[in-house]
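Reading the structure
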Amino acid sequence: VSENIITLTTDYGLNDHLVGVLKGAILKANPDVKIVDLNHSVIPYDVLDGALSVGASYKYFPPRTIHVVVVDPGVGTERRPILVSAGTQYFIAPDNGVLSVVYDQAEDLTVRHITAEHYFLQPVSKTFHGRDIFESASFGEEITDFTRFTLPKPKAEGTALKGVVLREDRFGNLMTNFSAEHLPEGTAANGSFRMKVGDKEIKKLAETFAQGAANELVAIVGSSGYIEIAINKGNAARTLNARRGVEVILEVA
Amino acid sequence: VSENIITLTTDYGLNDHLVGVLKGAILKANPDVKIVDLNHSVIPYDVLDGALSVGASYKYFPPRTIHVVVVDPGVGTERRPILVSAGTQYFIAPDNGVLSVVYDQAEDLTVRHITAEHYFLQPVSKTFHGRDIFESASFGEEITDFTRFTLPKPKAEGTALKGVVLREDRFGNLMTNFSAEHLPEGTAANGSFRMKVGDKEIKKLAETFAQGAANELVAIVGSSGYIEIAINKGNAARTLNARRGVEVILEVA
Amino acid sequence: VSENIITLTTDYGLNDHLVGVLKGAILKANPDVKIVDLNHSVIPYDVLDGALSVGASYKYFPPRTIHVVVVDPGVGTERRPILVSAGTQYFIAPDNGVLSVVYDQAEDLTVRHITAEHYFLQPVSKTFHGRDIFESASFGEEITDFTRFTLPKPKAEGTALKGVVLREDRFGNLMTNFSAEHLPEGTAANGSFRMKVGDKEIKKLAETFAQGAANELVAIVGSSGYIEIAINKGNAARTLNARRGVEVILEVA
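These lines cover the structure that appears in this document, whether it is placed above or below. The structure presented is a predicted model; accordingly, all values stated were derived computationally and were not measured.

Let us now look at the sheet that holds strand S4 (residues 81-86) of chain C. All names here are of chain C. Strand order in the open sheet formed by 7 strands is S2-S1-S3-S5-S4-S6-S7, and the pairing between neighbours is mixed. Strand pairing shows two members of the sheet lacking a second neighbour, strand S2 (33-39) and strand S7 (141-142), which therefore form its edges. Pairing between strand S6 (residues 109-113) and S7: 2 bridges, direction antiparallel. The residue bridging Arg112 from the neighbouring strand is Glu142, located in S7. Seen against the sheet, helix H1 (residues 18-29) touches strand S1 (4-10), S2 and strand S3 (66-70) and runs at an angle of roughly 150° to S2.

Below, the discussion takes up the pairing of S2(C). Residues and elements named next belong to chain C. For S2, the buried fraction is high: 6 of the 7 residues fall into the buried class. The pairing of S1 with S2 spans 6 bridges and is classified as parallel. What sits directly across from Leu8, in S2, is Asp37. In this fold, S1 hands off to H1, which returns the chain to S2; that crossover is right-handed.

Residues and elements named next belong to chain A. Judged by pairing direction, the sheet is mixed, and its 7 strands sit side by side in the order S2-S1-S3-S5-S4-S6-S7 without closing on themselves. Strands at the two margins of the open sheet, each flanked by one partner only, are strand S2 (33-39) and strand S7 (141-142). Relative to strand S5 (residues 89-94), strand S4 (residues 81-86) runs antiparallel, the two being bridged by 6 bridges. Looking at the pairing, Ser85 lines up with Tyr90 of S5. Sitting on the sheet, helix H1 (residues 18-29) is in contact with strand S1 (4-10), S2 and strand S3 (66-70), with an inclination near 150° to S2.

For the pair chain A and chain C, the superposition axis carries a translation of 0.0 Å, the fit reaches an RMSD of 0.0 Å, and the rotation angle comes to 120°. Each copy turns onto its partner about a three-fold axis. A share of only 13% of interface residues in chain A that are also interface residues in chain C marks the association as one of differing surfaces.

Another aspect to go through is the packing of aromatic side chains. In this description, a pair of aromatic rings is defined by centroid distance and the angle of the planes. Residues and elements named next belong to chain B. Considering all chains together, one arrives at 9 aromatic pairs over all chains under this definition. Taking the centre distance of 4.6 Å and the plane angle of 55° together, the rings of Tyr103 and Phe146 count as tilted. Here the residue Tyr103 occupies a position in helix H3 (residues 100-105), and Phe146 occupies one in the loop between strand S7 (141-142) and strand S8 (155-157), the gap between them amounting to 43 residues. Relative accessible area serves as the criterion here: at 3%, Tyr103 is assigned to the buried category. Residue classification places Phe146 among the buried residues on the basis of a relative accessible area of 16%.

The next thing to look at is the relation of the copies chain B and chain C. In this arrangement, two copies of a chain are superimposed by a rotation about an axis accompanied by a shift along the axis. Each copy superposes on the other: chain B lies on chain C with an RMSD of 0.0 Å after a rotation of 120° and an axial shift of 0.0 Å. A distinct binding surface is used by each copy, with only 12% of the interface residues of chain B retained as interface residues in chain C.

Between chain A and chain C, the contact holds 31 residues from the first and 34 residues from the second. Summed over both sides, the interface of chain A with chain C buries roughly 2600 Å², with 57% coming from carbon and sulfur. For the chain A face of the interface with chain C, the top three residues by lost area are Tyr60(A), Arg170(A) and Phe171(A), together amounting to 26%. Taken together, the connections running from chain A to chain C amount to 2 salt bridges. Where Lys34(A) meets Glu3(C), a salt bridge forms, and the shortest distance between an N and an O atom there is 2.9 Å. Looking at the side of chain A that touches chain C, the elements that each hand over two or more residues are S2, helix H2 (47-57) and strand S14 (217-221) of chain A. With 5 residues, the top contributor of residues to the side of chain A that touches chain C is S2(A). The residue inventory of the side of chain A that touches chain C, partitioned by class, reads 12 nonpolar, 10 polar and 9 charged.

What counts, and at which threshold
Every chain is numbered on its own, with residues counted from 1 as its sequence reads. Just so you know, chain letters begin at A and ligand numbers begin at 1, following the order they were written in. Per-residue local features of the predicted model are confined to residues with pLDDT of at least 70, and side-chain atom pairs are confined, for both listing and counting, to 80 or more; whole-chain, interface and lining totals are unaffected and use all residues. Excluding hydrogens and water, the side-chain figures rest on all heavy atoms present in the structure. What makes two strands pair is DSSP finding at least two bridges between them. Counting from the N terminus, the helices are DSSP H or I runs at least four residues long and the strands are E runs at least two residues long. Working rule for contacts: check all heavy atoms of both residues, and any pair within 4.5 Å makes them a contact. Convention adopted: a line fitted to C-alpha atoms gives each axis, helices being fitted over their contacting stretch, and angles between N-to-C directions are expressed from 0 to 180 degrees. Residue exposure (1.4 Å probe, protein chains only): buried if accessible area is under 20% of the type maximum, exposed if over 50%, otherwise partly exposed. Look down the strands so they point away from you; if the path from the first strand over the helix to the second goes clockwise, the crossover is right-handed. To line up the copies, we fit them by least squares on C-alpha atoms, keeping just the residues with pLDDT of at least 70 in both. Side-chain rings of Phe, Tyr and Trp (the six-membered ring for Trp) are treated as a pair once their centres are within 6.5 Å; stacked means planes under 30 degrees apart, edge-to-face means over 60, and tilted covers the remaining angles. The term buried area means the drop in 1.4 Å probe accessible area that two parts suffer when joined, counted for both and summed. In the sections that follow, a salt bridge refers to a side-chain nitrogen of Lys or Arg positioned within 4 Å of a carboxyl oxygen of Asp or Glu. Amino acid classes used here: Ala, Val, Leu, Ile, Met, Phe, Trp, Tyr, Cys and Pro are nonpolar; Asp, Glu, Lys and Arg are charged; the rest, including Gly, are polar.

Function cannot be read off these values alone, since they describe shape.
As structure tokens, then:
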């Protein structure tokens, strides 16, 4: 039989032994798992950034993968750990909303409060909960009052929709909170696409980044389902001087 | 049976293929091991930083884990490689003191000089010893004259103890060379805690970072056993403009 | 039997979930592989940097290792994926020259165009080809017109050879495009070595970095076969204010 797969998403960074210690604790509990780093560069304490990262990734893993998420501004307090079953995937996380994107996408959703003390790694270190609590794959009582936030949604304003940049990737591509459903019908075909960031305009809705000319800003519907702004072989974030939270205008008239 | 676990602690960084090549060489020697990255961001050539990182981490791993440490200012010279058995854990490292914290904590300690030439990977590259020598888990002659340094210890000065910052983590938390034993009895209970860094004072000894108010500097006894200075959701290193080597004063009057 | 080993070389960086998603897709196709990160810090879109990194690393892996390389300025376009067999190693990459160094070194070389649609992961995402195409280890038609570039070679100029810096590593060591064969006979023995970068001269050809005195620039024949410039415990790139593409002069008179 194959080893169980456990993915890790944290804000620990890679400049330290924190991730290594988390892996040690997991392997001590069960040496026959395969641990995969999903993302350790979540913005520190940033539940939204963690939610977007996990939400964009979990579907690519085999059934029965366990996704451990450790992003928690409230570490050390009595934040309850939860075990979530969503479709074919499992999640262990603090109940702080970091699984909100998963909740939005899941068809079969069960959320349990992990309460069985003996399933937690011992001893629980107050300063390093990720290591001690979240890797338990045991079961607790089902709950329905779990924490959940909704992503900011574009708002109508005159002939436009106002949205925001949600995140920026290594290549300077900007993920917005617009999805394909916000585009007026026929946009792709009739060349009417118009998006603005600051005083710069994006006029091309492409199918791939590579369809952009040199230095040309293009928008595409990214693999995450959200519209992304990019420059072929360039850096849209730098060109637009934009980062998370920056306003994005989509013309829909 | 489970695969053997080998951890890697190096100053190679992650901006290159060096770590990948080290893994390749290990897997070539034995494809059935599970390799775990402990820390590849040890300050280049910094034996103290490496010693603190390994010393804070190794206990979290399953019995019989082999910790390979490659931090060596003397790479390419005739630094002898050693194989260390400490409690349930094994270590392979250069004999330059990088295991000093392990030596301090270990109850059963055996240090061997790895001499059996045929256990080294061939050919030995003079510029990249990590790849070629240290992954051998073979045995050599026991030695007692291995290199060992002691961490800087706090010094009494009037009514205070003078210590230093030992390291800074990704969140800007500062690990000092004070441990719980340096605290006057009853400090936690009677609120008499006073620590100073530069002209800034830390007045709260908390059990968790989260007990600090916004922007409040707090001290806690970290999971490493050392007192750490932190700001809940903030960055103590930046606030105090402090890094390794900066003086820390603990009032004990 | 041991798990198959798959290495990953990409320009995805580690500040995101891109690498994690690639691993998820591979494990979904085959959960019983061992995935090794070779290098995710290839300069974005930089085929030469990727070629040097893969070329310097692949030989250290066990036979039948599969090296997946995802560095592609043309992502999203109709770049054909190739499966390469070179000696005991396999490679899956876009046909853009990123395996050129492998081609130079390989004795038995077979390049196939991966065409069998059903071997690609489905669905193919236009924005993220790395995830979807390259991990297939299936076979396609052999081709001979694959893309291949040659590394810049030193040029004779008077009594000297003019070369360039090819890459810089984490320690500030500079890899040049000179190899041992460019050295006049007897250079190592007779102390006649002279190399220049800008107005600074390197006069020592050492066997190891450690043979250099404090702050002394030394050259060595690195484990990659190329001459590297380094400073023992120092940073040659910073000292010489040099990076890739900077001219290096080797006296051969």
